[in-house]
Amino acid sequence: MSESAFHEMREPTVEKVVVHMGVGQGGRELQNAEEILEEITGQQSVRTTATRTEPEFGIRQGDPIGAKVTLRDDAAADFLERAFDAVSLSRSQFDETGNVSFGIEEHTDFPSQEYDPNVGIFGLDVTVNLVRPGYRVAKRDKRSRQIPHNHRLDADDAIAYLEANFDVEVN
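All residue numbers here refer to positions counted from 1 along the written sequence of the relevant chain. Where totals are concerned, whole chains, interfaces and linings use all residues; where local detail is concerned, this predicted model gives features only for residues with pLDDT of at least 70, and gives and counts side-chain atom pairs only at 80 or more. The side-chain figures draw on all heavy atoms in the structure; neither hydrogens nor water molecules are used.

Draft legend 1. Molecular detail of the nonpolar core. Residues enter a nonpolar core if they are buried and are Ala, Val, Leu, Ile, Met, Phe, Trp, Tyr or Cys, with the set joined through side-chain atoms within 4.5 Å. Throughout, exposure labels follow a simple rule: accessible area from a 1.4 Å probe, protein chains only, divided by the maximum for the residue type, with under 20% read as buried, over 50% as exposed, and the rest as partly exposed. Val 17 and Leu 89 are the most contacted members of the largest nonpolar core, which totals 39 residues. Secondary structure elements are taken from DSSP: a helix is a run of H or I of four residues or more, a strand is a run of E of two residues or more, and numbering for both begins at the N terminus. At the level of elements, β1 (13-22), α1 (28-41), β3 (64-71), α2 (73-84), β4 (100-104), β5 (124-131) and α4 (155-166) are the ones that each hand at least two residues to this core. Looking at which element gives the most residues to this core, the answer is α4, with six residues. Here, residues are in contact when the closest pair of their heavy atoms is within 4.5 Å. Residues within four places of Val 17 in sequence aside, it is in contact with Val 69, Thr 70, Leu 71, Ala 76, Phe 79, Leu 80, Val 126, Thr 127 and Val 128.

Draft legend 2. Spatial organisation of the sheet that holds β4. At least two bridges found by DSSP between two strands are what make those strands a pair. An order of β2-β3-β1-β5-β4 is seen for the five strands of this open sheet, with the pairing classed as antiparallel. Edge positions in the sheet fall to β2 (46-49) and β4, since each has one partner strand and no second. Adjacent strand axes in the sheet meet at a mean angle of 25 degrees, parallel and antiparallel pairs treated alike. As paired elements, β4 and β5 share five bridges and run antiparallel to each other. Across the sheet, residue Gly 103 finds its bridge partner in β5, namely Asp 125. Axis definition: a line fitted to C-alpha atoms, over the contacting stretch in the case of helices. Angles run 0 to 180 degrees between N-to-C directions.

Draft legend 3. Just the packing of aromatic side chains, in detail. The aromatic pairing rule takes the rings of Phe, Tyr and Trp, using the six-membered ring of Trp, and pairs them if the centres are within 6.5 Å, calling planes under 30 degrees apart stacked, those over 60 edge-to-face and the rest tilted. Applying the stated criterion across every chain yields a total of three aromatic pairs. Considering the side-chain rings of Phe 84 and Phe 102, the 5.6 Å spacing of their centres and the 40 degrees angle between planes classify their relative orientation as tilted. Linking Phe 84 in helix α2 with Phe 102 in strand β4, this pair joins segments that are 18 residues apart in sequence. Both residues of the pair, Phe 84 and Phe 102, count as buried. When the centroid spacing of 5.7 Å and the interplanar angle of 70 degrees are considered together, the rings of Phe 84 and Phe 166 count as edge-to-face. Of this pair, Phe 84 sits in helix α2 while Phe 166 is found in helix α4, placing the two residues 82 residues apart along the sequence. The exposure class of Phe 166 is buried, given its relative accessible area of 11%.

Draft legend 4. Representation of unusual backbone geometry. Located in the positive-phi region is Asp 73, a residue other than glycine, with phi close to 55 degrees. At Arg 143, a residue that is not glycine, the phi angle is positive and equals roughly 50 degrees. As for its placement among the helices and strands, Arg 143 is situated in the loop between α3 (136-139) and α4.

Draft legend 5. Broad picture of the confidence of the model for the protein chain. Mean pLDDT over the protein chain stands at 89; residues scoring 70 or higher make up 97%. pLDDT measures how confident the predictor is about each residue, on a scale from 0 to 100. Of all secondary-structure elements in the protein chain, the lowest mean pLDDT belongs to α3, at 86, while β3 reaches the highest, 95.

Draft legend 6. Summary view of α1. Multiplying 1.5 Å by the helix residue count minus one yields the expected span of that helix. Over its 14 residues, α1 runs 20 Å from end to end, which matches the ideal 20 Å to within 8%, given 1.5 Å per residue. Listing the buried residues of α1 in full gives Leu 30, Asn 32, Ala 33, Glu 34, Ile 36, Leu 37, Ile 40 and Thr 41. In this structure, the buried residues of α1 make contact with β1, β2, β3, α2 and β5. In the stretch just after α1, Gly 42 is the one whose phi turns positive, near 80 degrees.

In structure tokens:
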């Protein structure tokens with residue numbers, strides 16, 4: 001499908017991209033992960049905390065265990081162009097509403113990053129949220145309504161959009 005295959009009100013867009021690094025513990029390792037995440041994305045990171053206590057991992061509820069960044073608009077598109085070079089996507093990574101999640105095994109896969117033995121290697125989880133114009137109708141507080149079935153984004157439309165706009169091949 002080409003870009004003109006979608007009507008302007010059916011053209012998918014990237015609502016947001018969430019980049020997450022799970023470290024499992026606080027301290028220097030988490031600080032290193034935050035610095036790497038901020039270098040790769042160009043935005044301030046936010047710490048994520050454990051939602052419940054897991055004694056077998058030595059984690060208590062409220063302990064900082066990772067960091068994340070939410071990217072929107074041009075920052076999201078720029079990041080995706082660099083991230084898609086480091087991964088290959090498969091159809092199973094798309095959900096029924098057209099969102100896609102994938103992992104990047106090493107942060108050194110990005111051109112701006114080099115291996116530092118003092119820091120180590122960190123992986124990233126990337127979640128891309130795709131929407132169509134009018135999706136806010138379902139999310140707003142007043143007079144919220146369901147999105148009609150024929151206007152909902154599905155995996156096929158999401159794959160067509162990513163292949164057309166980001167030069168990605170989905171297997």
